[in-house]
Amino acid sequence: MKGILKGMLQVIKHLFRKPVTVQYPEEPIPWHTKRFRGRVILNLDTCIGCTLCSQICPNHADHMVYYDYDNGKNKRKIYPAVNIGVCTYCGLCQEVCPTGSIRLSNEFELAYYNKDLDYLPDRLSRSEKELMRHD
Ligand code: SF4
Ligand code: SF4
């Protein structure tokens, strides 16, 4: 009897709680932790082309490519490109970057009809929202 009452008490307690279910994707998910690891994003204006991010990448998702963009600091004009299809979101590139140019954003909705998952520097430097406006 005591056990039944205990169980009923739990049910009653939950009856008056605010629901935690989110009607995604109609409703946006309201949470993002500080340490969330989403799609890699690049700041073209601060990248110095040191190649550290591509050297540390465990599965060669991050690779350096020539990109004709002059930010005054990247003399060889080589910037990272990331193949999102093989990126494991480990965050190592972010950790080694001396200028904080590459980081893991909080974007995770990466469904595309276009199967080209190699994000070249220009694409890598823009958020998914920006890319959607241009596509
Ligand atoms: S998050 Fe990890 S796997 Fe992805 S590009 Fe950076 S180092 Fe490579
Ligand atoms: S993103 Fe950072 S680590 Fe990668 S090449 Fe640019 S400055 Fe170096």
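Because the structure is a prediction, the values reported are computed rather than measured. (Residues numbered from 1 in each chain as written. Chains lettered and ligands numbered in written order. Predicted model: local features only at pLDDT ≥ 70, side-chain atom pairs only at ≥ 80, totals over all residues. Heavy atoms only, no water.)

### As for the site of ligand 2
As a structural note, the neighbourhood of ligand 2 is formed by 14 residues, with Cys47, Cys50, Cys53, Cys97 and Thr99 the closest of them. Along the lines of polarity and charge, the residues of the shell around ligand 2 split into ten nonpolar, four polar and no charged. (Near = heavy atom within 4 Å. Nonpolar A, V, L, I, M, F, W, Y, C, P; charged D, E, K, R; others polar.)

### Considerations on the packing of aromatic side chains
Remark: the centre distance and the inter-plane angle together describe each pair of aromatic rings, the angle taken between the planes. A complete count under the given rule lists five aromatic pairs for this structure. Relative to Phe108, the ring of Tyr24 has its centre 6.4 Å away and its plane inclined at 35°; by these criteria the two rings are tilted. One end of the pair, Tyr24, is in the loop between α1 (2-15) and β1 (40-42); the other, Phe108, is in the loop between β4 (102-104) and β5 (118-119), with 84 residues separating them in the sequence. Exposure remark for Tyr24: the relative accessible area of 37% places this residue in the partly exposed category. Relative accessible area serves as the criterion here: at 35%, Phe108 is assigned to the partly exposed category. Taken together, a centroid distance of 6.0 Å and an interplanar angle of 70° make the contact between Phe36 and Phe108 edge-to-face. In this pair, Phe36 is assigned in the loop between α1 and β1 and Phe108 in the loop between β4 and β5, connecting sequence segments 72 residues apart. (Phe/Tyr/Trp six-rings, centres within 6.5 Å; stacked < 30°, edge-to-face > 60°. Helix = DSSP H or I, 4+ residues; strand = E, 2+ residues; numbered from the N terminus. Buried < 20%, exposed > 50% of the residue type's maximum accessible area, 1.4 Å probe, protein only.)

### Quick word on the site of ligand 1
Surveying the vicinity of ligand 1 reveals the residues Cys57, Pro58, Asn59, Asp62, Val82, Cys87, Thr88, Tyr89, Cys90, Gly91 and Cys93. Grouping the amino acids of the shell around ligand 1 by side-chain chemistry returns seven nonpolar, three polar and one charged.

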